[in-house]
Amino acid sequence: MGKSSKDKRDLYYRKAKEQGYRARSAFKLLQLNDEFHFLDDPSLKRVVDLCAAPGSWSQVLSRKLFQDERATADRKIVAVDLQTMSPIDHVTTLQADITHPRTLARILELFGDQKADFVCSDGAPDVTGLHDLDEYVQQQLIMSALQLAACILKPGGTFVAKIFRGRDIDMLYSQMGYLFDRVTCAKPRSSRGTSLEAFIVCQQYNPPSGWQPRLDLDQSVQEFFQGCFRGSDSPDVGPWHETPRDIAPFMACGSLDSFDSDATYHGQDLQGDSDVPRRSLDPVQQPTNPPYKQALELKRKGKLTRAV
Ligand SMILES: C[S@@+](CC[C@H](N)C(=O)[O-])C[C@H]1O[C@@H](n2cnc3c(N)ncnc32)[C@H](O)[C@@H]1O
C-alpha cells in the first residue's frame, strides 16, 4: 500500500478478525438483521447463502441458527459460490454458478425438495473496469439470484441481496415488488457511505397466483417473468416490463453509536480499548488455494530453481 493511499482496513475489518469472521461483510448482515430481525424468526429452517465465499455471511447464519437453544436438527444452511470455501459448522457448501439452473436442482436436492425460508445474496462479479459492462453484469447477477429465490422460496419467505444504486435500480424495485409484499432498500453503517452499495430486503414472498417460475438456460428474463402481474387479476396494471417503476423506502441500519466505515479511528477513540496492548491476530482462515501453493510444493521437493 502506498503512503498516500487510504488504508481500506477499517474498524469493521478489525472487528471481523477479533470475532473470527472471514470478512467484514458479516457486519452488514448483522446490522440488517438488527433492523429487520429476519434471522430471529424461530421457525427459520432452510436457508440459502448465494455467492457466499469466503463465508462471513454463512458464519453469521450458522451462529444465528445453531448457537442458541432454538436450534433444531431440521435446520439446514446451503452456501453456494463459484470459488471453493473452507468448511463452516452446520453449513453445506456447493461450488457452483448461481446463474445455472442445475444449481437450483442441487440446492433443492439438499433440502429434500422442500422450499427455503430465507435466501440471501452478496454477489459481486469480477470487475473489468468498463463501467457500463460491470453495471450490466452486476444487474444480471442480482437478477439470477432473484430468479433462483423465486423458484426456491416458500410463500412468506425473505430475500436479501446486495445491489448497487445505479441508473435503473427503480426497475429492479418494481420487479421485486411483483413478488414480495414488502421491499426496502437498506444501507448498513458497515457499508461505506462513499459506495453505491446497498441491500434490498424483500419480505413476505407472495408471487402472483398461477405464476409458475421455472429456470431454463434458454429463456430470457422477460420470459421468466411472463404472466407475472401485480395483483394477478387487476386489469389496470400490465406485465412487469410495462408498468411504472417503483421507489423503495430507504432505511439506514445500525445506530449512530456504531462505527462509521468511512471514518478513521485511533486507539484512544475505541471505547474500552485504550488499555489493551496491541497484538497481531492470526488469519481467521488459511487461503484455500493460494497462488504460491505450487511454489511451496516444489520447494518441499527441492525442485524450486531460481530463474537466471
Ligand atoms: C463479495 S463476495 C461475497 C462475500 C460473502 N458474502 C462473505 O460474507 O464472505 C462475492 C462473491 O460472489 C461470487 N460470485 C460471483 N459470481 C457468481 C456466480 N455466478 N455464482 C456463484 N458465485 C458467484 C464470487 O465468487 C465472490 O466470492
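What you see is a predicted model, and the numbers here were worked out from it, not measured in a lab. (Residues numbered from 1 in each chain as written. Predicted model: local features only at pLDDT ≥ 70, side-chain atom pairs only at ≥ 80, totals over all residues. Heavy atoms only, no water.)

A. Representation of the site of the ligand. Near the ligand, the surroundings consist of 20 residues, among which Gly55, Ser56, Asp81, Asp97 and Asp122 are the closest. Here Ser56 contributes a side-chain N or O atom positioned 2.5 Å from an oxygen atom of the ligand. Measuring from an oxygen atom of the ligand, one finds a backbone N or O atom of Trp57 at 3.1 Å. Across the complex, the protein chains shield 87% of the 600 Å² of accessible surface that the ligand would expose by itself. For the shell around the ligand, the residue count by class is 10 nonpolar, six polar and four charged. (Near = heavy atom within 4 Å. Polar contact = N/O pair within 3.5 Å; in protein donor to acceptor, adjacent residues only side chain to side chain. Areas by Shrake-Rupley, 256 points an atom, 1.4 Å probe, with all protein chains shown as cover. Nonpolar A, V, L, I, M, F, W, Y, C, P; charged D, E, K, R; others polar.)

B. Molecular detail of the layout of surface pockets. For the second largest pocket, the calculated volume is near 660 Å³. Lining the second largest pocket we find 29 residues, and of these Cys51, Asp81, Gly123, Ala124 and Pro125 sit closest to its centre. Elements that contribute at least two residues to the lining of the second largest pocket include exactly helix H3 (56-66), helix H5 (131-152) and strand E5 (153-164). At three residues, H5 tops the list of elements feeding residues into the lining of the second largest pocket. Of the residues assigned to the lining of the second largest pocket, the class counts are 14 nonpolar, seven polar and eight charged. (1 Å grid on protein atoms, 1.4 Å probe; cavity = no way out; pocket = protein on both sides within 12 Å on 5 of 7 lines; lining within 4 Å. Points joined across faces, edges and corners; volume = space filled by probe spheres on them. Helix = DSSP H or I, 4+ residues; strand = E, 2+ residues; numbered from the N terminus.)

C. Geometry of the side chain of Lys28. Within the secondary structure layout, Lys28 lies in helix H2 (residues 26-36). By relative accessible area, Lys28 is classed as buried at 8%. Excluding its chain neighbours within four sequence positions, the residues that come into contact with Lys28 are Pro188, Ser190, Ser191, Glu197 and Phe199. (Buried < 20%, exposed > 50% of the residue type's maximum accessible area, 1.4 Å probe, protein only. Contact = heavy atoms within 4.5 Å.)

D. Representation of the side chain of Arg24 within the structure. Following the sequence through the fold, Arg24 ends up in the loop between helix H1 (11-18) and H2. Residue class for Arg24 comes out buried when judged on its relative accessible area of 15%. Polar side-chain contacts of Arg24 include one of 2.8 Å to the backbone oxygen of Ser190. Filtering out sequence-adjacent residues up to four positions away, Arg24 remains in contact with Asp10, Tyr12, Tyr13, Ala16, Ser190, Arg192 and Ser261.

E. Highlighting the sheet that holds strand E1 (residues 46-50). Reading across the sheet, the eight strands line up as E3-E2-E1-E4-E5-E7-E6-E8 and stay open at both edges, with mixed pairing between neighbours. Strand pairing shows two members of the sheet lacking a second neighbour, strand E3 (91-95) and strand E8 (250-253), which therefore form its edges. For this sheet the average axis-to-axis angle between neighbouring strands, irrespective of direction, equals 20°. Two strands pair when backbone bridges link them, and strand E2 (residues 76-81) and E3 are joined in this way by five bridges, in the parallel orientation. Each residue of the ladder has a partner; that of Asp81, found in E3, is Gln95. (Pairing = 2+ DSSP bridges. Axes fitted to C-alpha atoms, helices over the stretch in contact; angles between N-to-C directions.)

F. A look at the packing of aromatic side chains. Considering all chains together, one arrives at 10 aromatic pairs under this definition. Geometrically, the ring pair formed by Phe38 and Phe118 is tilted, given 5.2 Å between the ring centres and 35° between the ring planes. Taken together, the residues Phe38 in the loop between H2 and E1 and Phe118 in strand E4 (residues 116-121) connect sequence positions 80 residues apart. Like Phe118, Phe38 is buried. Here the aromatic rings of Trp211 and Phe224 are separated by 5.6 Å at their centres, their planes lie at 85°, and the arrangement is edge-to-face. Of this pair, Trp211 sits in the loop between strand E7 (197-205) and helix H7 (221-224) while Phe224 sits in helix H7, and the two are 13 residues apart along the sequence. Residue Trp211 is classed as buried on the basis of its relative accessible area, which comes to 8%. Members of the aromatic cluster, joined through ring pairs, are Tyr12, Tyr21 and Phe27. The side chain of Arg63 reaches across the aromatic face of Tyr21, ending 4.1 Å from its centre. (Phe/Tyr/Trp six-rings, centres within 6.5 Å; stacked < 30°, edge-to-face > 60°. Lys NZ or Arg CZ within 6 Å of the ring centre and 35° of its normal.)

Functional significance is not addressed by these values, which are geometric in nature.
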